[in-house]
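Residue-level structural notes
One-letter residues, chain by chain:
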Amino acid sequence: MKGPKLFRTLLILALIVLALVNLYPTIRNAQLDAELTRRLQRISDATGTPVEILREDIFRFDVDLVHRIRSNEQLTEEQKDQFAEEIQQLRSEFFPEYDETADKSIKLGLDLQGGMHLVLEVSLVDLMDRLAKNTDATYRAIADTVRQRLDADPTLSFDDVVAEEFERRDVPMARYFGDPRQSNREIIRTLETQAEEAVDLTLTKLRNRIDEFGVSEPSITSQGSRRIVVELPGVQDPSRARSLIGRTALLEFQLVADAEMSARVIQDLDNFMLEHEHEFGLADFGADAAGDTLAAPDTAGDEQLTTTEKLFGDQADTAAAEEPSRFDASRPFSSLLSLFGRQIVVLDEDRDKVEQILGREDVRKLIPPEYEFLWSHKSMEDQQGRDFWYLYLLREQPELTGNALADAQVTIGSGSADPTQAGQAIVNLTMKREGTRTFARVTENNVGNQLAIVLDERVHMAPNIRSRIPDGRAIIEGIESVEEANDIAIVLRAGALPAPVVIIEERTVGPSLGEDSIRAGSISAVVGLIIVMIFMIFYYRGSGVIADIALILTMIFLMAVLAGFGFTLTLPGIAGIILTIGMAVDANVLVFERIREELRAGKTVWNAVKNGFDRALVTILDANITTMIAAIVLYQFGTGPIRGFALTLMIGITASVFTALVVSRAIFDYLTTRWSVRKLSV
C-alpha cells in the first residue's frame with residue numbers, strides 16, 4: 001500500500017507546484033502593472049496626458065513618445081530629461097519582463113478588461129459590383145434590391161437572394177458575370193464560392209491588422225455566412241480601432257486627367273445643366289454661393305488663384321491673381337469650382353452642391369466611362385480661414401494597385417525635399433519586383449503628368465511625375481499624426497479587404513467599468529468562499545478544515561489551468577467560479593455523511609473513512625458527470641458569455657472531484673495511519 005500512497009502524495013505535490021508556477025506570472029504581472037501605473041501617473045500629472053493614453057502608447061515603439069515629451073512646453077528641461085529617461089527605461093528594462101509575464105498571465109475578457117465589441121458585415125453586394133463586367137441601370141436596380149433585402153433580413157443567403165432577383169426580372173446573369181455561355185446556376189455557384197472566399201480572406205486580413213495593432217488576446221470569429229464578430233479587450237481608442245478595422249485599404253495609383261479632358265468634361269456639365277435648368281433649380285441653386293471666393297491656402301507657395309472662367313485656359317499658371325469667381329448661372333457647375341495652380345478646389349460649403357450634381361444618374365453619363373471624379377482625403381484651409389477640398393478627375397483604370405506593394409513603413413520627414421513636411425509622418429511604400437517594373441514604365445511614359453495615390457477612393461496626394469522612378473519607391477505625405485500614418489502602414493501591409501465591411505453593431509466597455517466588474521466579482525467570490533469555509537468548519541468541525549483545504553486547492557488548480565492554457569476569464573466565468581465554490585464541497589459533504597453513518601454503525605475510524613469514500617464514489621461521479629455533460633453542451637453550442645461560464649464550470653468540476661477524492665482522502669489516510677487517530681471530528 002505504501003507504493004500507491006507515495007505516488008498519490010507525489011502527484012498532489014507536483015500538481016500544487018505546477019499550479020503555483022503557472023500562477024506566478026499572473027501575480028508578478030499584477031505587481032508590475034501596479035508599478036507601471038504609478039510611474040505613468042507621475043508623467044500624467046506633469047504633462048496632462050491621461051494615464052490611459054500613456055499606457056496605450058508606452059510600449060508602441062512606432063510612437064515617438066520621447067519626442068512628444070520633449071515637445072511639451074509645460075515641462076521644464078529637467079522634467080523633460082527625467083521623463084524621457086523614465087520612458088526609455090520602461091521600454092528597455094521594464095518591458096521585457098512585463099510583456100513575458102503578461103503573455104503567461106490569466107487573460108481577461110472584454111467585460112473585465114474593457115474594450116470594444118464589434119459586429120461587422122462583409123458587403124457582398126459591393127463584391128458583386130466589382131465582379132460585374134458592366135453596371136447598367138438594370139444591374140444597379142437588381143443590386144439595390146439585393147442590398148435592401150439583405151439589410152432587412154440578415155438570415156437570408158446572399159446567393160439565394162441574387163438568384164431570385166435575376167430570375168424575377170428574367171435577366172440572364174451571363175450579361176454581367178462570367179462567360180456568356182454559362183447558365184445562371186453555374187454563375188451563382190461561382191458567386192457563392194467567391195463570397196465565401198471573400199469572408200474567409202476578410203477574417204484573415206482583419207486578424208493580421210489587429211495583430212499589428214497590438215491588441216492582446218483579440219477574438220475574431222465568423223457569425224453566419226457574412227458577419228464577423230470582433231472583440232478587442234483593452235482598447236482605449238475606439239475611433240482609431242474602428243478606422244483600422246473598417247478601412248478597406250484599397251490602394252490605387254491613378255493618372256490625373258489632363259487639362260484638356262478636364263475642361264471638356266466641366267464644359268459638358270455646364271451645358272447640360274443649362275439645358276435642364278428647371279430640373280436643377282438654378283434660380284435657387286447658387287444663391288448661397290454668390291459672392292464666395294477662395295483665397296490661396298497658407299501652403300500655396302508662390303502660386304496664385306485664377307478665375308474659374310479661365311479654369312483651364314492658357315493663363316492658368318500666371319503669377320497675377322485674377323478677379324475671384326462668383327456663382328454664375330451661365331456657368332452653373334464651373335462657377336462652383338476654383339483653381340489653385342492646376343488643381344480644382346471646392347469650398348467646403350459648396351461640396352454638397354457639387355456632390356449632388358456629380359451623383360445624378362444623367363450627369364454620370366456625361367463623364368467618359370474611363371474617368372471618374374474623386375475628392376481629396378481631407379480638407380485644407382485658405383488664407384481667410386475657410387475650408388476647401390481638392391477635386392480630381394482621374395483615369396478610372398489604376399496603373400498600379402496595392403497588390404504590387406512589398407512593404408509600407410512609417411518615417412518622420414526631414415524636410416529636405418519639402419520644408420512643410422519636416423517632422424511630419426510619412427508612409428514609405430516599397431514595390432515588389434513586378435510592381436517596380438510597372439511603376440518604372442508608368443512614370444517613364446507620363447513624365448510631366450500627375451499620378452494620384454488613392455486610398456479607399458480618397459486621393460491622398462497627386463504629385464507631378466518629374467522623371468522615371470526605377471527603384472519602385474513612393475511616399476504618402478500629408479498625414480496628420482504618427483498614429484494615422486502607422487494605421488495606414490498596417491492596413492497596407494495586411495492588404496486590402498476583398499469587399500468593404502460595415503459596422504452594424506458596436507459596444508464599448510470602459511476600463512473603469514471593467515475594474516468595477518473585477519472588484520465586484522472578486523468580492524463575491526471571496527465572500528462566498530469565506531462563508532462556505534466557515535459553514536464547513538462549523539458543521540463538520542475538524543473534517544471541515546480538510547474540506548476547506550480541498551476547496552482552496554480547487555481554486556488554485558482552477559486559476560492555474562486558466563493561466564497555463566491561455567484561457568480567457570470573463571464576468572460569466574467569475575459566476576462559474578462562484579458556482580464551483582458552492583459545488584466543490586458537495587463531494588466532501590457526501591463523503592462526510594457516509595463516514596458519520598459508518599461511525600454510528602460502530603466501525604473503526606480507518607474503516608469508516610475507507611467505506612465512506614468507497615460508497616460515496618458512485619454518487620459523486622454520477623452527480624458531477626451529469627453536470628460536466630451539461631457544461632460541455634453549453635460550451636459547444638453557446639457563444640460569448642455562455643462559453644466563459646461553461647469553461648470555468650468544467651475546470652471547476654474536474655478540480656473539485658480531484659481534490660475531494662484524492663487530496664481529502666490522502667489527508668484522512670495520513671491522519672489515520674501516521675497519527676493513529678482513534679476519534680474523528682466529523
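What you see is a predicted model; the values in this text were computed from it and never measured.

Focus: the overall build of the protein
Secondary structure assignment for the protein yields 23 helices and 19 strands. Expressed as a percentage of its 682 residues, the buried residues of the protein come to 46%. Contacts in the protein between residues at least 24 apart in sequence constitute 71% of all its contacts with a sequence separation of at least 6. When the accessible surface of the protein is summed, it comes to about 34100 Å², and 53% of that surface belongs to carbon and sulfur atoms.

A short note on the pattern of salt bridges
As enumerated under the stated definition, the model contains 33 salt bridges in all. Between R168 and E165 there is a salt bridge, with its nearest N and O atoms 2.8 Å apart. You can see R168 and its partner E165 sitting in helix α8 (residues 158-168), three residues apart, about one turn around the helix. For the salt bridge of R507 with E505, the shortest nitrogen-to-oxygen distance reads 2.6 Å.

What to know about the packing of helix α20 (residues 571-584) against helix α21 (residues 586-600)
The geometry of α20 relative to α21 is characterised by a closest axis approach of 5 Å and an angle of 5° between their N-to-C directions. Between α20 and α21, the interaxial angle falls into the category roughly parallel. Together, G582, M583 and A584 of α20 and D586, A587 and N588 of α21 make up the contact between the two elements. In the contact of α20 with α21, the residues fall into three nonpolar, two polar and one charged.

What about the packing of aromatic side chains?
A complete count under the given rule lists 15 aromatic pairs for this structure. Ring pairs connect the aromatic residues F535, Y539, Y540, F592, F613 and F668, which therefore count as one cluster. The side chain of R351 reaches across the aromatic face of W389, ending 4.2 Å from its centre. One Lys or Arg, R643, reaches over the ring of Y635 and ends 4.1 Å from the middle of that ring.

So, the sheet that holds strand β12 (residues 400-401)
Strand order in the open sheet made by the four strands is β12-β5-β15-β16, with antiparallel pairing throughout. Looking along the sheet, the strands with just one partner apiece sit at the ends: β12 and β16 (458-461). Note: strand β5 (residues 251-255) against β12, two bridges, orientation antiparallel. Paired with F253 across the strands is L400, a residue of β12.

Some remarks on the pairing of strand β11 (residues 387-395)
Along β11, seven of the nine residues are buried, which leaves the element largely enclosed by surrounding structure. The pairing of strand β8 (residues 343-347) with β11 spans four bridges and is classified as antiparallel. Paired with V346 across the two strands is W389, which belongs to β11. As paired strands, strand β9 (residues 371-375) and β11 are joined by five bridges and run antiparallel to one another. Considered in β11, the bridge of E372 is made with L394.

Quick look at the sheet that holds strand β14 (residues 425-431)
The sheet built from three strands is open, its strands ordered β13-β14-β17 with antiparallel pairing. This sheet does not close on itself; its edge strands, each paired only once, are β13 (405-412) and β17 (473-476). Within the sheet, the average angular offset between the axes of one strand and its neighbour, ignoring direction, is 25°. Two elements, β14 and β17, share four bridges in a ladder whose sense is antiparallel.

Describing the confidence of the model for the protein
One rule of thumb: low pLDDT means the predicted coordinates there are not for detailed reading. When pLDDT is averaged along the protein, the result is 82, and 87% of the positions lie at 70 or above. Averaged over each element, pLDDT in the protein is lowest for strand β6 (residues 305-306) (30) and highest for helix α19 (residues 542-564) (92). Within the model, the stretch residues 287-325 combines pLDDT values under 50 with 88 contacts to residues more than four positions away or in other chains.

Brief notes about the nonpolar core
In globular proteins that are soluble, nonpolar side chains generally tend to be buried together. L551, F592 and I595 are the most contacted members of the largest nonpolar core, which has 55 residues in total. Broken down by secondary-structure element, the contributors of at least two residues to this core are α1 (2-47), α18 (511-540), α19, α20, α21, α22 (605-637) and α23 (641-673). Of the residues forming this core, the biggest block, 13 residues, is contributed by α23. Filtering out sequence-adjacent residues up to four positions away, F592 remains in contact with M536, Y540, S543, G544, A547, F668 and V682. V161, V162, I220 and V230 belong to the second largest nonpolar core, which has 43 residues in total.

Thoughts on the environment of D126
As for its position among the elements, D126 is in helix α6 (residues 124-131). What makes D126 partly exposed here is its relative accessible area of 23%. C-alpha of D126 to C-alpha of P498: the two residues are 372 residues apart in sequence and 9.5 Å apart in space. What D126 contacts, discounting residues up to four positions off in sequence, is R147 and P500.

Focus on the side chain of D270
With respect to the helices and strands, D270 occurs in helix α11 (residues 259-275). In this structure D270 is buried but unpaired, with R331 as the nearest side chain of opposite charge at 5.7 Å. In this structure the side chain of D270 is engaged in a polar contact, spanning 2.7 Å, whose partner is the side chain of S334. Sequence-distant contacts of D270, that is, excluding residues within four places in its chain, are made with R331, P332, F333 and S334.

Looking at unusual backbone geometry
A positive phi angle is found at E457, which is not glycine, with a value near 60°. Assignment of secondary structure puts E457 in the loop between β15 (451-455) and β16. For R541, which is not a glycine, the phi torsion comes out positive at approximately 55°. Looking at the secondary structure, you find R541 in the loop between α18 and α19.

Here's the deal with helix α16 (residues 433-445)
An ideal rise of 1.5 Å per residue puts 18 Å on 13 residues; α16 measures up with 19 Å between its terminal C-alpha atoms. Those residues of α16 that fall on the buried side of the exposure criterion are G435, T436, T438, F439, A440, V442 and T443. Lining the buried residues of α16 we find β5, β12, β14, β15 and β17.

Some remarks on the packing of α6 against helix α7 (residues 137-152)
Two elements in contact, α6 and α7, have axes separated by 10 Å at closest approach and are oriented at 160°. Relative to α7, the element α6 lies roughly antiparallel. With respect to the hand of their crossing, α6 and α7 are arranged in right-handed fashion. Residues V125, D126, M128 and D129 of α6 touch α7, and the partners they reach there are Y139, A143, V146, R147 and L150. Tallied by class, the residues present in the contact of α6 with α7 amount to six nonpolar, no polar and three charged.

Reading the values: the criteria
Residues numbered from 1 in each chain as written. Predicted model: local features only at pLDDT ≥ 70, side-chain atom pairs only at ≥ 80, totals over all residues. Heavy atoms only, no water. Helix = DSSP H or I, 4+ residues; strand = E, 2+ residues; numbered from the N terminus. Buried < 20%, exposed > 50% of the residue type's maximum accessible area, 1.4 Å probe, protein only. Contact = heavy atoms within 4.5 Å. Areas by Shrake-Rupley, 256 points an atom, 1.4 Å probe, with all protein chains shown as cover. Salt bridge = Lys/Arg side-chain N within 4 Å of Asp/Glu carboxyl O. Axes fitted to C-alpha atoms, helices over the stretch in contact; angles between N-to-C directions. Parallel < 35°, antiparallel > 145°, perpendicular 65-115°, else oblique. Nonpolar A, V, L, I, M, F, W, Y, C, P; charged D, E, K, R; others polar. Phe/Tyr/Trp six-rings, centres within 6.5 Å; stacked < 30°, edge-to-face > 60°. Lys NZ or Arg CZ within 6 Å of the ring centre and 35° of its normal. Pairing = 2+ DSSP bridges. pLDDT = per-residue confidence, 0-100. Core = buried A, V, L, I, M, F, W, Y, C linked by side-chain atoms within 4.5 Å. Lys, Arg positive; Asp, Glu negative; His and termini not counted. Polar contact = N/O pair within 3.5 Å; in protein donor to acceptor, adjacent residues only side chain to side chain. Expected span 1.5 Å × (residues − 1). Left-handed = near helix turned anticlockwise from the far one by under 90°.

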